[in-house]
Amino acid sequence: MKAVVYNGPHDVSVSEVPDARIEHPNDIIVRITSTNICGSDLHMYEGRTSFEQGRSLGHENLGEVVEVGSGVSKVKVGEYVVLPFNIACGFCKQCERGLTNYCLTMQPEPAMAGAAYGFAEMGPYAGGQAEYLRVPFGDFNALRLGEDAAERQNDYVMLADIFPTGYHATEMAGVKPGDQTVVFGAGPVGLMAAYSAVLKGAGRVWVADHQPDRLALAEHVGAIAIDTSKEDPAEVIKEATLGLGADNGCECVGYQAHDPQGQEDASLTLNQLIDSVRFTGSLGVVGVFLPEDPGGKKAQNELEAQGKIPLDYGLMWFKGQRMGTGQAPVKRYNRALRDLIAGGEAEPSFLVSHDLPLDEAPDAYEKFDTRQAGWTKVVLHPETVPA
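Residues numbered from 1 in each chain as written. Predicted model: local features only at pLDDT ≥ 70, side-chain atom pairs only at ≥ 80, totals over all residues. Heavy atoms only, no water.

The protein goes by Aldehyde dehydrogenase in an unreviewed UniProt entry, where it is assigned to Streptomyces sp. gb1(2016). Looking at the protein in UniProt, the text filed under Sequence similarities (unreviewed entry) is "Belongs to the zinc-containing alcohol dehydrogenase family." (UniProt positions renumbered as here; feature names shortened; annotations may be inferred.)

Engineer: Tell me what's going on with the UniProt feature "domain: Alcohol dehydrogenase-like N-terminal" (unreviewed entry) in the protein, and back it up with residues and numbers.
Structural biologist: The residues that UniProt annotates with the feature "domain: Alcohol dehydrogenase-like N-terminal" (unreviewed entry) are residues 25-136. Measuring from the first to the last C-alpha atom of residues 25-136 gives 9 Å, for a span that is 10% helix and 23% strand. (Helix = DSSP H or I, 4+ residues; strand = E, 2+ residues; numbered from the N terminus.)

Engineer: Account for helix α7 (residues 212-220), naming residues and giving values.
Structural biologist: Buried within α7 we find Arg214, Leu215, Leu217 and Ala218. Looking straight down α7, one finds that the buried residues subtend no more than 155° of arc, so they occupy a single side. Pointing more than 90 degrees away from the buried face of α7 are the exposed residues Pro212 and His220. Those residues of α7 hidden inside the fold are in contact with α6 (188-199), β9 (204-209), β10 (224-227) and α14 (361-369). (Buried < 20%, exposed > 50% of the residue type's maximum accessible area, 1.4 Å probe, protein only. Arc of directions from axis to C-beta. Contact = heavy atoms within 4.5 Å.)

Engineer: Can you break down the packing of aromatic side chains residue by residue, with the values?
Structural biologist: Working definition: an aromatic ring pair is given by the centre-to-centre distance plus the angle between the planes. Scanning the entire structure with this criterion turns up seven aromatic pairs. The lysine or arginine in question, Lys200, covers the ring of Tyr167, its NZ or CZ lying 4.5 Å from the ring centre. The residue whose ring lies beneath Lys331 is Phe140, and the NZ or CZ to ring-centre distance is 4.3 Å. (Phe/Tyr/Trp six-rings, centres within 6.5 Å; stacked < 30°, edge-to-face > 60°. Lys NZ or Arg CZ within 6 Å of the ring centre and 35° of its normal.)

Engineer: Outline the domain arrangement of the protein, listing residues and values.
Structural biologist: Segmenting the protein into domains produces domain 1 (1-159 + 327-379) and domain 2 (161-323). Facing 35 residues of domain 1, the contacting portion of domain 2 comprises 30 residues. Summing the contributions of domain 1 and of domain 2, the shared interface buries around 2,700 Å²; its carbon and sulfur component is 65%. The three residues of domain 1 that bury the most area against domain 2 are Arg48, Tyr333 and Phe350, which together make up 29% of that side's buried surface. Where domain 1 touches domain 2, the interface holds one salt bridge. Glu264 is paired through a salt bridge with Arg48; the nearest N and O atoms lie 3.0 Å apart. Linking domain 1 with domain 2 are 11 residue pairs in polar contact (both at pLDDT 80 or more). Here the side of domain 1 that touches domain 2 gets five residues from one element, more than from any other, and that element is helix α13 (residues 330-342). (Domains from an automatic or database assignment. Buried area = accessible area lost by both parts, 1.4 Å probe. Salt bridge = Lys/Arg side-chain N within 4 Å of Asp/Glu carboxyl O. Polar contact = N/O pair within 3.5 Å; in protein donor to acceptor, adjacent residues only side chain to side chain.)

Engineer: A description of the UniProt feature "domain: Alcohol dehydrogenase-like C-terminal" (unreviewed entry) in the protein should follow, citing residues and the corresponding values.
Structural biologist: UniProt annotation of "domain: Alcohol dehydrogenase-like C-terminal" (unreviewed entry) refers to residues 188-291 when read in the numbering used here. Helix makes up 37% of residues 188-291 and strand 24%. Its end C-alpha atoms lie 23 Å apart.

Engineer: Any chance you could break down the pattern of salt bridges for me, citing the residues and the numbers?
Structural biologist: The tally for this structure, following the rule as stated, stands at 17 salt bridges. Because the salt bridges share partners, they merge into one network encompassing Glu23, Asp27 and Arg134.

Engineer: How would you sum up the packing of helix α5 (residues 162-173) against α6? Please name residues and give values.
Structural biologist: Remark: α5 packs on α6, axes separated minimally by 7 Å, with the N-to-C direction vectors making an angle of 60°. As the angle between them shows, α5 and α6 are arranged oblique. Of the two possible hands of crossing, α5 and α6 adopt the one that is right-handed. Residues Ile162, Phe163, Thr165, Gly166, Tyr167, Ala169 and Thr170 of α5 form the contact with α6, whose own contacting residues are Pro188, Val189, Met192, Ala193, Tyr195, Ser196, Ala197 and Leu199. When the residues that make up the contact of α5 with α6 are grouped by side-chain class, the tally is 11 nonpolar, four polar and no charged. (Axes fitted to C-alpha atoms, helices over the stretch in contact; angles between N-to-C directions. Parallel < 35°, antiparallel > 145°, perpendicular 65-115°, else oblique. Left-handed = near helix turned anticlockwise from the far one by under 90°. Nonpolar A, V, L, I, M, F, W, Y, C, P; charged D, E, K, R; others polar.)

Engineer: Give a description of a nonpolar patch on the surface that names residues and reports values.
Structural biologist: A contiguous nonpolar surface patch, about 750 Å² in accessible area, is contributed by Phe279, Leu311, Tyr313, Leu315, Trp317, Phe318 and Met323. Ranked by the residues each element gives to the nonpolar patch, the list is headed by helix α12 (residues 313-318), at four residues. Counting through the fold element by element, Leu311 comes out in the loop between α11 (302-305) and α12. (Patch = residues over 30% accessible without salt bridge, like charges linked within 9 Å, V, L, I, M, F, W, Y side chains within 5 Å. Areas by Shrake-Rupley, 256 points an atom, 1.4 Å probe, with all protein chains shown as cover.)

As structure tokens, this is what we get:
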């Protein structure tokens, strides 16, 4: 079968890989019909992680079930399912607490937690930017979709990662109806955080970024755009809130944050968030930060390469703020968000800019990575037919 394979920094290809197959009675095989390129894929694409050459990419996946193991009882062949990027067992201590993002069973390294498809340091699992995908514990991990699944794939595929992740940021930030919320980063996850805040009834939502096309999408969902190439976001928000700052906020950029001139600073958006949120406000951080960054020393400094960044902790402590961090437990939210989509209350596909066949993945990666104008979210569609 064909899959998007990592060959080295800035080099992916669509290559032949071994067919996905049932390896355990609880496995299912999914024919992938929609799979997204995620901002997290770019960390690996750029060589800024430990991702191994020859591995397939892709953790935002949707498709049709074509085979089930003998231990699968709920999911049926022919059903459309969307797959959380977290691969979880459902029965370990973390999963029982609803923390499927830190599953202890599927992560083979005993000192670590959490597993994902085609992702650095999160197990050996193949990615879903491919024709077919093996899904462990299919009954637990696959979210079944309704009759409109095939027609609304661009909405439902967002349930694999970015919609629940953006929503998780607002949950950690404690966004409530009437709140004033700031989101740093207008990439796909930041836009989903802003969208989630609007869906929750926030009174005002600001989105700070310096990419005009992405800020336009933020305005499309009812947020107030702050162009960081022209304005200091903290000053804009304080001026609008009698000097107090927003009630809460979300960081959706991560360790490769950079200023409008392209200079990297892993602490940039975190410190801007601390400055922008009021005393006793809450912060939700879903931008990816890693304990090791192979490219960090060259792009930033030695400490940043070790995951150590100069956080304005004194200001955060003085303001009595609370911070929630980490990857999203997708299963905590995806069923409710699915039903918002099915009921016409949410349409996260607004951010999709390109629907492309799998064979165009290398060009799409290059354009998405360089933030070319108009490339806000790419959905790949493998050209396969049921067996």
